[in-house]
Amino acid sequence: MSNAARHRIVELCEEINIHNIDYYVKDKPTITDGEFDALLIELKKLEAAHPEYKLADSPSDLVGGGFATHFQQADHLEKMMSLDNVFDADELTNWFERVAKTSTKNTWLCEVKVDGLAINLRYEKGKLTKALTRGNGVTGEDVTLNIRTIATIPHELKGKNIPELLEVRGEVFFPIAAFNEFNDQQEELGKERFANPRNAAAGSLRQKDPRVTASRPLSMVVHGIGAATGVTFDSQSGAYELLKGFGLPTSSRYKVVKSAAEVSEFVAYYADHRHDIEHEIDGIVIKVNEIPIQNELGFTARAPKWAIAFKYPPEEVTTKLLDIKVSVGRTGRVTPFAFMEPVKVAGSTVTNATLHNAEEVVRKGILIGDTVLIRKAGDVIPEVLGPVIAKRNGSEKPFVMPTKCPDCGSKLRAITEGDVDIRCPNTQSCPAQLRERIYYIGSRVALDIDVRGYEAASALLEDKLITDESDLFALTEKDLAKSQFFLKKDGSLGLNVEKFLKGLDAAKRKPLWRILVSLSIRHVGPTAAQALAKNFGSISAISEASEEELSNTDGVGGVIAQSIIEWFAIDWHQKIISKWEKAGVQLVEVVRESTDPQTLAGLTLVVTGSLEDFTRDGVSEVIASHGGKTSSSVSKKTDFVVAGEAAGSKLAKAEELGVRVLNESEFKTLLAKGPAALG
């Protein structure tokens, strides 16, 4: 047994070191976090049972990420540690018991564990002088120039009593919504997608050219302190408040509690609501709040004894790939997707996952019949990360991309030279493209029209109420009465008809950037659309602008500019613009002084759930026009939470914090008469 243990320890060390390089240096992990954790746990157990076989450079002692790259190396002033992990309630209880041997008079600080890239910022006399990755905990990579491009990180601390020296630790992350948009743009440009936001953050921060880093919407949250001169801290929570006062980006998602039971409640809450947050999390960090007790507990070789990370189950699983099929998107792109044995991941059962394009299928080495690794986070479409080659049995076969559109029969081809995507060129009348474009117009990212689901888009086309998107805003109650989708069983008009027509009418007055997005111009997402709307002010001006004028717009560039020129050069696209304008769609950027009573002046509101008389972004516009501010998260600074049907975690958070909750009727009273009218 001893020889077998020794052999397995060496084998595990080699395997873990390879995966560390894939993760920390290449930013392209080949196994899931859960699988990596399992390897590390196995190694630690074997080393504990056979300490005589433990290698001097065992990865179980490494902080992680200590590998040479093209960046200069520099030392941290104080060692930057990792965290030990626990994975279930019993392991967490054991950790509580170990802490209790030193102290039973402490409180606990619980905070979400951001899944990003660990960074150490050094401030000398209040000025940011160096930014290092964690590296091996002693030495990290100097990424100062790139860190300076992140808007949320101050170059100079503000306030009084600025310390002589301060190292702060935190996580750089890529917000999920921005990550999804960025990956879509990468795909459209024929570039490789990032596997997840953590890899995108790491890859963006390690760019040789800081201008590339600056072009990506990275952010940061601070969660720890290293070396410090001229400042002392009594507690972790007190440190956070002080750091916040210095202008550093601290999180509001932490809570100080008095008992293990309250810690468990915090862990359970975010297990259910981990996807309500703007960035990815992979667990909860629990820390002894009192700094003197932290000092008394001390450290192991790699981690503090006074902190632990409770890791949530991974959102990456394996399943059988039964077939590879294709779908046609709104811009004609033909996308392979995996049809799989049903598997539960991230709280839902999935059978389909995206494969992006035929080239990606080949690059990842995926065969029909493979056992594949898939990933799903929240509402993001599941993605196939790669095959589990060890489970092949020889029956697998390669995927062959079709040559004709499965919906209209047109011959598929690359539209532009070098395009990795195969497209259906029948953009005007391909049923799949039409259906996807109509659906997209009503989506939250575009015009956010109620009762605009996929079934409604299909019904409008199949029942010939519209021929394409140009007819959408001319629809009437009489038109909708011709479709069974909009009728009740007795043949009368359904309630969704009125909501749909109201939604269409409201959409006509949406901001110009949303109109641009809804046109499905290739590469033009919300970021580029907002820049275009701000710079040109009207659809007419955009259509008449030269390629040079368009490409010189911040956030646009040459590829998007060329795509815009090509889109407006097509006759039937001009027909869409003409018919929308005739139907009353606002095609100019309008900035108006609000004439509404300022009944919400100075108030911050959070809206959750579905409201009867307001669309999602329409309610935000109403709040703003009445002088109020809309927030995406509930905190102690929130004045009111407006809760509609199917209100989610924000309602629970409001009740937890004692924030007043209003129904839609009470919200209308607030709009009309102000807070005093609510009693």
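Residues numbered from 1 in each chain as written. Predicted model: local features only at pLDDT ≥ 70, side-chain atom pairs only at ≥ 80, totals over all residues. Heavy atoms only, no water.

Caption draft 1: Up close: the pairing of strand β11 (residues 307-311). Judged by how many residues are buried, β11 sits mostly within the fold: five of five residues are covered. Neither face of β11 is open: one carries A307, A309 and K311, the other I308 and F310, and all of them are buried. Relative to β11, strand β2 (residues 85-86) runs parallel, the two being bridged by two bridges. Bridge pairing links V86 to F310 in β11. Strand direction decides the pairing type here: strand β10 (residues 281-288) and β11, joined by five bridges, are antiparallel. Within β11, the residue paired with K287 across the bridge is A307. (Buried < 20%, exposed > 50% of the residue type's maximum accessible area, 1.4 Å probe, protein only. Helix = DSSP H or I, 4+ residues; strand = E, 2+ residues; numbered from the N terminus. Pairing = 2+ DSSP bridges.)

Caption draft 2: Up close: the state of the cysteines. Within the structure shown, the criterion is met by zero disulfides. Sulfur of C424: no disulfide; nearest cysteine sulfur belongs to C408 and is 3.5 Å away. On the basis of relative accessible area, C424 is assigned to the buried category, the value being 1%. (Disulfide = S-S within 2.5 Å.)

Caption draft 3: Fine view of the pairing of strand β17 (residues 604-608). With five of its five residues buried, β17 lies for the most part within the structure. A two-sided burial pattern is seen for β17, the buried positions comprising T604, V606 and T608 on one face and L605 and V607 on the other. Summarising the sheet, β17 and strand β18 (residues 629-630) pair through two bridges and their orientation is parallel. Its bridge partner being in β18, L605 is matched across the sheet by T630. Inspection of the sheet shows β17 paired to strand β19 (residues 640-643) by four bridges, in the parallel sense. Considered in β19, the bridge of L605 is made with F640.

Caption draft 4: Layout of the sheet that holds strand β3 (residues 108-114). Sheet architecture is open: five strands sit in the order β2-β11-β10-β3-β9, paired in mixed fashion. In this open sheet, the two strands that pair with only one neighbour each are β2 and β9 (254-257). Of the pairings in the sheet, the one linking β3 to β10 comprises seven bridges and is antiparallel in character. Bridged to V112 within β10 is I284. Where helix α9 (residues 260-273) meets the sheet, its contacts fall on β3, β9, β10 and β11, and the angle it forms with β3 comes to roughly 20 degrees. (Contact = heavy atoms within 4.5 Å. Axes fitted to C-alpha atoms, helices over the stretch in contact; angles between N-to-C directions.)

Caption draft 5: Looking closely at helix α13 (residues 454-462). Regarding α13, the residues found buried are A456, A457, S458, A459, L460 and L461. Looking one or two residues beyond α13, the residue adopting positive phi is K464, at roughly 55 degrees.

Caption draft 6: Fine view of the packing of aromatic side chains. Scanning the entire structure with this criterion turns up 15 aromatic pairs. Relative to F96, the ring of W95 lies with its centre 5.6 Å away and its plane at 50 degrees, an arrangement referred to as tilted. An identical accessibility class is assigned to W95 and F96; each is buried. Relative to F568, the ring of W567 has its centre 5.0 Å away and its plane inclined at 80 degrees; by these criteria the two rings are edge-to-face. You can call W567 buried: its relative accessible area is 7%. Look at F568 and you get buried, because its relative accessible area is 8%. Clustering of aromatic rings is evident, with ring pairs tying together W95, F96 and W108. Over the face of the ring belonging to F339 we find K325, whose NZ or CZ atom lies 4.4 Å from the ring centre. (Phe/Tyr/Trp six-rings, centres within 6.5 Å; stacked < 30°, edge-to-face > 60°. Lys NZ or Arg CZ within 6 Å of the ring centre and 35° of its normal.)

Caption draft 7: Molecular detail of the nonpolar core. One finds L460, L475, L532 and I564 to be the most contacted residues of the largest nonpolar core, which totals 51 residues. If you list the elements that add at least two residues to this core, you get α12 (431-441), α13, α15 (495-507), α16 (512-518), α17 (526-536), α18 (539-544), α20 (557-568) and α21 (571-582). In this structure L532 touches L516, V524, G537, I542, L550, T553, V556 and I564, once residues within four positions along its chain are discounted. In this structure, I119, I150, A200 and A239 belong to the second largest nonpolar core, which totals 33 residues. (Core = buried A, V, L, I, M, F, W, Y, C linked by side-chain atoms within 4.5 Å.)

Caption draft 8: View of the sheet that holds strand β7 (residues 165-173). Strand order in this open sheet of four strands is β5-β4-β7-β8, and the pairing throughout is antiparallel. The outermost strands of the open sheet, each flanked by one partner alone, are β5 (127-133) and β8 (219-229). Averaged over all pairs of adjacent strands, the angle between their axes in this sheet comes to 25 degrees, without regard to strand direction. Where strand β4 (residues 117-124) meets β7, eight bridges bridge the pair, whose relative direction is antiparallel. Bridge assignment links R122 to a residue of β7, and that residue is E167. Sheet contacts for helix α6 (residues 197-205): β4 and β7; angle to β4, the most-contacted strand, approximately 45 degrees. Those strands touched by helix α8 (residues 236-245) are β7 and β8, and its axis lies near 110 degrees from that of β8.

Geometric values such as these leave the question of function open.
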